[in-house]
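Working through the structure, step by step
The primary structure of each chain is shown beneath.
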Amino acid sequence: MPECFLEDSGLRFKNGTRVSEMGCSHEYHLLAPSDGRAQICHGRSSAWRPNNSLASVFVKAFMWLEAYENHLKTGHSLDRYLKTQAS
């Protein structure tokens, strides 16, 4: 399964916490960080198939960024804007 990381390790949530320091978070759709970079959850690894489109990763990353921008305006966690993929 492809991994998707935020390059800017200085991004912060509304409360001032660095996104890269959040660690795994269901509320914020983040996986374990790597090399100081936050990793965006873009779906369950068990649901990934080799014939899935890489474009879907970019679409979900874009959706994460839109949810992040709404979070900065409202203070709500990202799970308010993003749905969890069904099992």
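Residues numbered from 1 in each chain as written. Predicted model: local features only at pLDDT ≥ 70, side-chain atom pairs only at ≥ 80, totals over all residues. Heavy atoms only, no water.

Regarding the side chain of Ser-77
Structurally, Ser-77 can be placed in the segment after helix 1 (54-74). For Ser-77, a relative accessible area of 15% gives the class buried. Within the structure, Ser-77 has its side chain in polar contact with the side chain of Asp-79 (distance 2.4 Å). If sequence neighbours within four positions are ignored, Ser-77 has contacts with Glu-27, Tyr-28 and His-71. (Helix = DSSP H or I, 4+ residues; strand = E, 2+ residues; numbered from the N terminus. Buried < 20%, exposed > 50% of the residue type's maximum accessible area, 1.4 Å probe, protein only. Polar contact = N/O pair within 3.5 Å; in protein donor to acceptor, adjacent residues only side chain to side chain. Contact = heavy atoms within 4.5 Å.)

Details of the packing of aromatic side chains
A full pass over the atoms with the stated rule returns three aromatic pairs. Where Phe-13 meets Tyr-28, the ring centres are 4.5 Å apart and the plane angle is 50°; that geometry is what we call tilted. Here the residue Phe-13 occupies a position in the segment before strand 1 (30-34), and Tyr-28 occupies one in the segment before strand 1, the gap between them amounting to 15 residues. The exposure class of Phe-13 is buried, given its relative accessible area of 4%. Ring centres 6.2 Å apart and planes at 65° place the aromatic pair Phe-13 and Tyr-68 in the edge-to-face group. Of the two residues, Phe-13 sits in the segment before strand 1 while Tyr-68 sits in helix 1, which places them 55 residues apart along the sequence. Tyr-68 matches Phe-13 in its accessibility class, with the two residues each being buried. Here the aromatic cluster, defined as three or more aromatic residues joined through ring pairs, consists of Phe-13, Tyr-28, Trp-64 and Tyr-68. Sitting over the face of the ring of Phe-5, Arg-37 holds its NZ or CZ atom 4.6 Å from the ring centroid. (Phe/Tyr/Trp six-rings, centres within 6.5 Å; stacked < 30°, edge-to-face > 60°. Lys NZ or Arg CZ within 6 Å of the ring centre and 35° of its normal.)

Quick word on unusual backbone geometry
Residues other than glycine seldom take positive phi values, yet His-29 does so here, at roughly 50°. In this fold, His-29 is placed in the segment before strand 1.

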